[in-house]
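Commentary on secondary and tertiary structure
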Amino acid sequence: MDPLEVIRRMYPWQGPPVARDPLFGLIGIVLSQHTNDKNAWTAEMNLERLYGSAADLAKASVTDIANAIRQAGMQHEKAVIIRELASHELLDGLISRSLSMPWKKARDNLRAIKGVGTKTADVFCMIYLNAPVLPIDVHVKRVSQRLGLTKSRNYDEIQADLHKLVPEDKRKATHLSMIRFGREVCKAREPRCRECPLNSVCLWYLSTAKSQAGLP
Ligand code: SF4
């Protein structure tokens with residue numbers, strides 16, 4: 001059984017997201033960190049309504065941006081990054097220009113922006129450049145470790161382990177399916193192991209959860 005194929009079938013990829021302005025697309029990725037989709041979306045819509053361009057955002061204060069995105073949480077930290085992104089876009093169109101770069105160069109350029117981490121850059125490249133990269137978010141990391149697909153805790157090493165298992169043309173679908181599986185089945189607390197179709201091959205379940213539950 002290929003556990004990742006099972007997960008892809010459980011949560012099939014619905015197709016590409018709506019094409020959007022790359023600056024606001026990247027801002028959306030930043031806003032989605034450490035919150036749910038609904039809160040991130042509400043914050044993003046509010047931000048776009050109040051500050052609809054890189055110039056508007058670069059002129060706004062961090063406090064004003066933070067107030068606009070309050071719903072997404074960690075608003076001060078996210079506001080600092082958003083202003084940084086807007087300033088870069090205004091200065092030299094870095095984010096728009098990245099759409100015509102080889103994805104690894106775009107990834108390096110984005111990671112050089114203060115506050116933009118590898119995962120954020122990877123998600124942007126996956127969505128906007130169709131890069132054959134599988135970003136490692138908290139759900140992907142947890143599911144991979146529990147299933148025994150990686151032994152590492154390091155971002156690059158986990159990604160390398162998954163890249164060995166997932167063909168390039170399935171990485172985007174796998175990333176998105178694993179997030180849904182991690183949210184709905186293999187949750188951080190109280191994973192639904194008894195009803196999980198992968199429990200017969202899951203390292204974590206076989207070694208930990210089963211014994212904790214007193215199951216044979
Ligand atoms: S058996 Fe439990 S820990 Fe393993 S993948 Fe399924 S839900 Fe996650």
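Residues numbered from 1 in each chain as written. Predicted model: local features only at pLDDT ≥ 70, side-chain atom pairs only at ≥ 80, totals over all residues. Heavy atoms only, no water.

Moving on: the overall build of the protein chain. Within the protein chain one finds 13 helices and 0 strands. Along the protein chain, helices and strands appear, N-terminal first, in the series α-α-α-α-α-α-α-α-α-α-α-α-α. Taking 216 residues into account, the globule formula puts the C-alpha radius of gyration at 17 Å, and the protein chain, at 19 Å, falls close to it. Overall, the C-alpha framework of the protein chain stretches about 65 × 35 × 30 Å when taken along its three principal axes. Relative to its 216 residues, the protein chain shows a buried fraction of 46%. When contacts within the protein chain are restricted to residue pairs at least 6 apart in sequence, those whose partners lie at least 24 apart make up 63%. (Helix = DSSP H or I, 4+ residues; strand = E, 2+ residues; numbered from the N terminus. Rg over C-alpha atoms; globule rule 2.2 N^0.38 Å. Buried < 20%, exposed > 50% of the residue type's maximum accessible area, 1.4 Å probe, protein only. Contact = heavy atoms within 4.5 Å.)

It is worth spelling out the packing of helix 8 (residues 103–111) against helix 9 (residues 118–128) at this point. Contact geometry for helix 8 and helix 9: axes closest at 9 Å, N-to-C directions at 140°. It follows that helix 8 is oblique to helix 9 by the angle criterion. Remark: the crossing between helix 8 and helix 9 carries right-handed chirality. For the pair formed by helix 8 and helix 9, the contact residues are Trp 103, Ala 106, Arg 107, Leu 110 and Arg 111 on the first element and Thr 118, Ala 121, Asp 122, Phe 124 and Cys 125 on the second. Within the contact of helix 8 with helix 9, the residues separate by chemical class into 6 nonpolar, 1 polar and 3 charged. (Axes fitted to C-alpha atoms, helices over the stretch in contact; angles between N-to-C directions. Parallel < 35°, antiparallel > 145°, perpendicular 65-115°, else oblique. Left-handed = near helix turned anticlockwise from the far one by under 90°. Nonpolar A, V, L, I, M, F, W, Y, C, P; charged D, E, K, R; others polar.)

Before going further, it helps to examine the nonpolar core. The biggest cluster of nonpolar side chains holds 41 residues, and the ones touching the most others in it are Ile 27, Leu 47, Leu 57 and Leu 85. Secondary structure elements with two or more residues in this core: helix 2 (22–31), helix 3 (37–50), helix 4 (54–59), helix 5 (62–68), helix 6 (75–92), helix 7 (94–97), helix 8 and helix 9. Examining the composition of this core, we find that 7 residues originate from one element, helix 2, more than from any other. When residues no more than four places from it in sequence are discounted, the contact partners of Ile 27 are Leu 47, Leu 57, Ile 82 and Leu 85. Counting 23 residues, the second-largest nonpolar core is a separate cluster that includes Ile 7, Ile 136, Cys 193 and Tyr 205. (Core = buried A, V, L, I, M, F, W, Y, C linked by side-chain atoms within 4.5 Å.)

Domain annotation of the protein chain identifies domain 1 (3–12 + 135–212) and domain 2 (22–128). Measuring from the centre of the C-alpha atoms in domain 1 to the corresponding centre in domain 2 gives 27 Å. In this complex, domain 1 contributes 9 residues to the contact, which on the side of domain 2 involves 8 residues. Between domain 1 and domain 2, roughly 690 Å² of surface is buried when both sides are summed, and carbon and sulfur atoms account for 61% of that area. Of the charged contacts in the structure, one is a salt bridge between Asp 37 and Arg 183, with a shortest N-O distance of 3.2 Å. On inspection of domain 1 and its partner domain 2, the count reaches 4 residue pairs in polar contact (both at pLDDT 80 or more). Counting residues per element, the ones that place at least two in the side of domain 1 that touches domain 2 are helix 11 (155–165) and helix 12 (171–184). With 4 residues, helix 12 is the largest single contributor of residues to the side of domain 1 that touches domain 2. Of the residues assigned to the side of domain 1 that touches domain 2, the class counts are 4 nonpolar, 2 polar and 3 charged. (Domains from an automatic or database assignment. Buried area = accessible area lost by both parts, 1.4 Å probe. Salt bridge = Lys/Arg side-chain N within 4 Å of Asp/Glu carboxyl O. Polar contact = N/O pair within 3.5 Å; in protein donor to acceptor, adjacent residues only side chain to side chain.)

So, about the site of the ligand. Residues in close proximity to the ligand include Arg 146, Leu 147, Phe 181, Val 185, Cys 186, Pro 191, Cys 193, Cys 196, Asn 199, Cys 202, Trp 204 and Tyr 205, which together make up its full environment. Taken together, the elements giving at least two residues each to the shell around the ligand come down to helix 10 (138–147) and helix 13 (203–212). Residue classes in the shell around the ligand are distributed as 10 nonpolar, 1 polar and 1 charged. (Near = heavy atom within 4 Å.)

Attention now moves to unusual backbone geometry. Despite not being glycine, Asn 130 has its phi angle at roughly 55°, a positive value. Note on Asn 130: relative accessible area 57%, which makes it exposed. One non-glycine residue, Glu 190, lies in the positive phi region at around 55°. Tracing the chain through its elements places Glu 190 in the loop between helix 12 and helix 13. Of the residues examined, Glu 190 reaches a relative accessible area of 71% and is grouped as exposed.

On to the packing of aromatic side chains. Enumeration according to the criterion identifies 1 aromatic pair in this entry. Against the face of Trp 204 rests Arg 146, its NZ or CZ located 4.4 Å from the ring centre. (Phe/Tyr/Trp six-rings, centres within 6.5 Å; stacked < 30°, edge-to-face > 60°. Lys NZ or Arg CZ within 6 Å of the ring centre and 35° of its normal.)

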